[in-house]
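Results of the structural survey
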Amino acid sequence: MRILITGGAGFIGSNLARAALVEPAVKEVTVLDDLSVGLRDNLTRLDVEVVEGSILDPAALDAAMAGREAVVHLAALPSVPRSLRDPVASHHANATGTLLVLEAARRHDVAHLLVASSSSVYGMNPTLPKTELTWTRPMSPYAASKLATEAYALAHQASFGLPTLALRFFNVYGPGQRHDHAYAAVIPRFVHAALRGEPALVHGDGTQSRDFTYVGTVCAVILDALRRRVHHPHPVNLAFGARASLLEVLDDLAGLLGRRVDREHAPPRPGDVAHSLADTATLQALFPGISPVDRRDGLRATVEWMARRLAVEPVASR
Ligand code: NAD
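Residues numbered from 1 in each chain as written. Predicted model: local features only at pLDDT ≥ 70, side-chain atom pairs only at ≥ 80, totals over all residues. Heavy atoms only, no water.

Things to note about the sheet that holds strand β4 (residues 70-73)
Backbone hydrogen bonds are what pair the strands of a sheet, in a parallel or an antiparallel way. For clarity, the threshold we go by: We treat two strands as partners when DSSP finds at least two bridges between them. Strands are runs of DSSP state E lasting at least 2 residues, helices are runs of H or I lasting at least 4, and numbering of each runs from the N terminus. Fitted lines through C-alpha atoms give the axes, limited to the stretch in contact for helices. The angle between two N-to-C directions lies from 0 to 180 degrees. Contacts between residues were defined by any pair of non-hydrogen atoms, one from each residue, lying within 4.5 Å.
Strands sit in the order β3-β2-β1-β4-β5-β6-β11 across an open sheet of seven strands; the sheet is parallel. Of all strands in the sheet, those bounded by a partner on one side alone are β3 (49-52) and β11 (236-238). Strand after strand, the sheet turns through a mean of 20° between neighbouring axes, direction not considered. In this structure, strand β1 (residues 2-6) lies alongside β4, joined through four bridges in parallel fashion. Looking at the pairing, I3 lines up with A70 of β4. Across the sheet, helix α5 (residues 141-160) touches β5 (112-118) and β6 (164-169), and the angle it forms with β5 is around 155°.

Section: the layout of surface pockets
Empty space among the atoms becomes apparent when a probe as large as a water molecule is rolled across them. Convention followed: In this analysis the probe radius is 1.4 Å and the grid spacing 1 Å, with only protein atoms considered; a cavity is a set of points the probe fits into but cannot get out of, a pocket is an open set with protein on both sides within 12 Å along at least five of seven lines, and lining residues have an atom within 4 Å of a point. Grid points are joined across faces, edges and corners, and a volume is the space filled by probe spheres set on the points. When residues are grouped by polarity, Ala, Val, Leu, Ile, Met, Phe, Trp, Tyr, Cys and Pro land in nonpolar, Asp, Glu, Lys and Arg in charged, and all others, Gly among them, in polar.
The volume enclosed by the second largest pocket comes to roughly 200 Å³. Lining the second largest pocket, in full, are S14, N15, R18, L39, D41, N42, P175, G176, W305 and R309. Of all the secondary-structure elements, those providing two or more residues to the lining of the second largest pocket are α1 (11-21) and α10 (295-310). Sorting elements by how many residues they give to the lining of the second largest pocket places α1 first, with three residues. Partitioned by chemical class, the residues of the lining of the second largest pocket number three nonpolar, four polar and three charged.

With respect to the site of the ligand
Worth spelling out the cut-off: Being near a molecule or strand, for a residue, comes down to having at least one heavy atom within 4 Å of it. Pairs of N or O atoms are called polar contacts if they sit within 3.5 Å, as long as, within protein, a hydrogen donor faces a hydrogen acceptor (for residues adjacent in sequence, only side-chain-to-side-chain pairs). Surface accessibility follows the Shrake-Rupley procedure with a 1.4 Å probe radius. Residue values consider only the protein chains on display as shielding.
Near the ligand there are 26 residues, and of these D33, L74, Y142, K146 and V172 occur at the shortest range. G38 places a main-chain nitrogen or oxygen 2.9 Å from an oxygen atom of the ligand. I55 places a main-chain nitrogen or oxygen 3.0 Å from a nitrogen atom of the ligand. Relative to its unbound accessible surface of 820 Å², the ligand loses 92% to contact with the protein. If you list the elements that add at least two residues to the shell around the ligand, you get α1, β5 and α5. Across the shell around the ligand, the residue classes break down as 14 nonpolar, nine polar and three charged.

Description of the packing of aromatic side chains
Quick note on the threshold: Classification of ring pairs uses Phe, Tyr and Trp, with its six-membered ring standing for Trp, and accepts pairs whose centres are within 6.5 Å; under 30 degrees between planes counts as stacked, over 60 as edge-to-face, and the remaining range as tilted. Whether a charge sits over a ring depends on NZ of Lys or CZ of Arg being within 6 Å of the ring centre and within 35 degrees of the ring normal.
Scanning the entire structure with this criterion turns up three aromatic pairs. Both rings, one in Y122 and one in F170, keep their centres 6.3 Å apart while their planes meet at 45°; by these two values the pair is tilted. Here Y122, found in the loop between β5 and α5, pairs with F170, found in the loop between β6 and β7 (172-173); they are 48 residues apart in sequence, far enough to count as distant. Through pairs of rings, three or more aromatic residues link up here, namely Y173, F212 and Y214. Its guanidinium or amino end placed over the ring of F160, R106 lies 3.7 Å from that ring's centre, counting from NZ or CZ.

Brief notes about helix α2 (residues 58-65)
For clarity, the threshold we go by: The buried label goes to any residue with under 20% of its type's maximum accessible area, the exposed label to any with over 50%, and the partly exposed label to all in between, with areas taken from a 1.4 Å probe on protein chains only. This arc describes the spread of directions from the helix axis toward the C-beta atoms.
Along α2, the positions that sit buried rather than exposed are A60, L61, A64 and M65. End-on, the buried residues of α2 take up no more than an arc of 120°, which puts them together on one face. Along α2, exposed side chains directed more than 90 degrees from the buried face belong to A59 and A63. Contact partners of the buried residues in α2: β1, β2 (28-33), β3, β4 and α4 (87-107). Immediately downstream of α2, the backbone of G67 shows phi near 80°, a positive value.

A short note on the side chain of H203
Position of H203 among the secondary structure elements: in strand β8 (residues 200-203). The buried category is assigned to H203, whose relative accessible area is 19%. A distance of 3.1 Å separates a polar atom in the side chain of H203 from the backbone oxygen of P267. Excluding residues within four positions of it along the chain, H203 makes contact with R189, Q208, A266, P267, P268 and R269.

Some thoughts on the packing of α1 against helix α7 (residues 215-228)
The relative placement of two packed helices is expressed as an angle between their axes plus a distance between the axes. Rules: Orientation categories follow fixed angle ranges, with anything under 35 degrees roughly parallel, anything over 145 roughly antiparallel, 65 to 115 roughly perpendicular, and all other angles oblique. Handedness of a crossing is defined here by the sense of rotation of the near helix relative to the far one, left-handed for an anticlockwise turn of less than a right angle and right-handed for a clockwise turn.
Relative orientation of the contacting elements α1 and α7 amounts to 60°, with a least axis distance of 9 Å. Considering their axes alone, α1 and α7 lie oblique with respect to each other. Relative to α7, the crossing made by α1 is right-handed. In this structure, α1 uses F11, I12, N15, L16, A19 and A20 to contact α7, whose residues at the interface are V215, V218, C219, I222 and L223. Classifying every residue of the contact of α1 with α7 gives ten nonpolar, one polar and no charged.

Focus: empty space enclosed by the protein
Here the structure, examined in full by the defined rule, presents one cavity of 30 Å³ or more. Around the largest cavity sit Q177, R178, H179, D180, W305, M306 and R309, which together line it.

Comments concerning the environment of H265
Among the secondary structure elements, H265 is positioned in strand β13 (residues 263-266). Overall, the relative accessible area of 42% leaves H265 in the partly exposed class. It is 31 Å that separates the C-alpha atoms of H265 and L39, two residues lying 226 residues apart in sequence. Aside from chain neighbours lying at most four places away, what touches H265 is V202, G204, D205 and G206.

Written as C-alpha cells, this is what we have:
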C-alpha cells in the first residue's frame, strides 16, 4: 500500500513514517508538510518522499495524494494556547485544512483515511472516563477545530462512503517531540528541564491529570488500522485508561534520573481541562492485539532520546 502522511515532518508523523517503513503492508511513504512546525531533519535518512506544501493548497494536495491508497491526516496547528492567540489560524489549518484533505481524497479515490482528533473535544464534560458517545463541549478554539476535523471526516464517510477512522489522541509523548517552541507540550518541557537541572514549570497545582500515550503505541494502532483498513462510524479514543497527574510524571522523572526534580508553579492556563481519562472499550474492540507501552518505559525512552540530543548522561543505573 502507498500511504500519504500529512504533517509527517512533525512529532507523531515522523515517528509514524519511520514505523511505516518497516511495516510489510506499506510499500511507499509520502509526507506532505509545510514545515511550519515540523522539521525536515525529522525525516533525514528515511526513505520517504517529502512534498513541501500546505494542506490549504489543493495543488500541493493533488501532487502528494495522486496514487495513494491510504491517507493519515495529522497536519494541524496543535496546541490550546496557540489557538487562543490566533483562533482563525487554527480554524484554517485544522477545520478548513481537513475539509480540503477530504475533498482531495475524493478526487483521488483514496480507499482509507485516518484523521487525528483530540481528547480536548470533551472539554467541559466532567465525566470520567470519557466515552466517545458522551457530549463534547470544547473549551478552546483548538478543541473546536478538532471537533470539526472529526465531524467533517465522519460526515464524508457517511455522505460519500470513504472508509474513515477518526482517532481522538490523548496527550501523546515520546522521542521526537519538541520542547523548544512556545507551544511545546508538557512532557518534553519537563524532560528538558529535568535533564538541565532546571525547575519544571507547572501550570496550576500539578494535580491535573492526563491519559498519557506513548507515540510508539499510537503508531502501532495506526499501522494496524491501515493493515486491516479499520473504519468506524464514531470517533474512537486512542488511549489506554492510564491516567497520571503532572506531579506523578515529575516523580517518575525523578526516579528515572535518580535525582530530585524541582518545580515552579504558574497560574493555570485558560482552555486547559482539569482531568482526562479515556474509556478504552471501543479501541480494545477494534484493536484487540495492541497493548500500550508502559508510562515509565515510554518516559525512559523519551529521556534517553532527549539526553542524546542534549549530549548529557541522564539515567541513573538501573
Ligand atoms: P506537530 O506540530 O509536531 O505536527 C503537525 C505537523 O503539521 C507539523 O509538522 C506542521 O509543520 C504540519 N502542518 C501544520 N500546518 C500545516 C499545513 N497547513 N499544511 C501542511 N502541514 C502543516 O504535532 P503532533 O503532536 O505530531 O500532532 C499531530 C496531530 O495529532 C495533530 O493533528 C494534532 O492536533 C493531533 N493531536 C496530537 C496530540 C499530542 O499529544 N501530540 C494530542 C491530540 C491530537
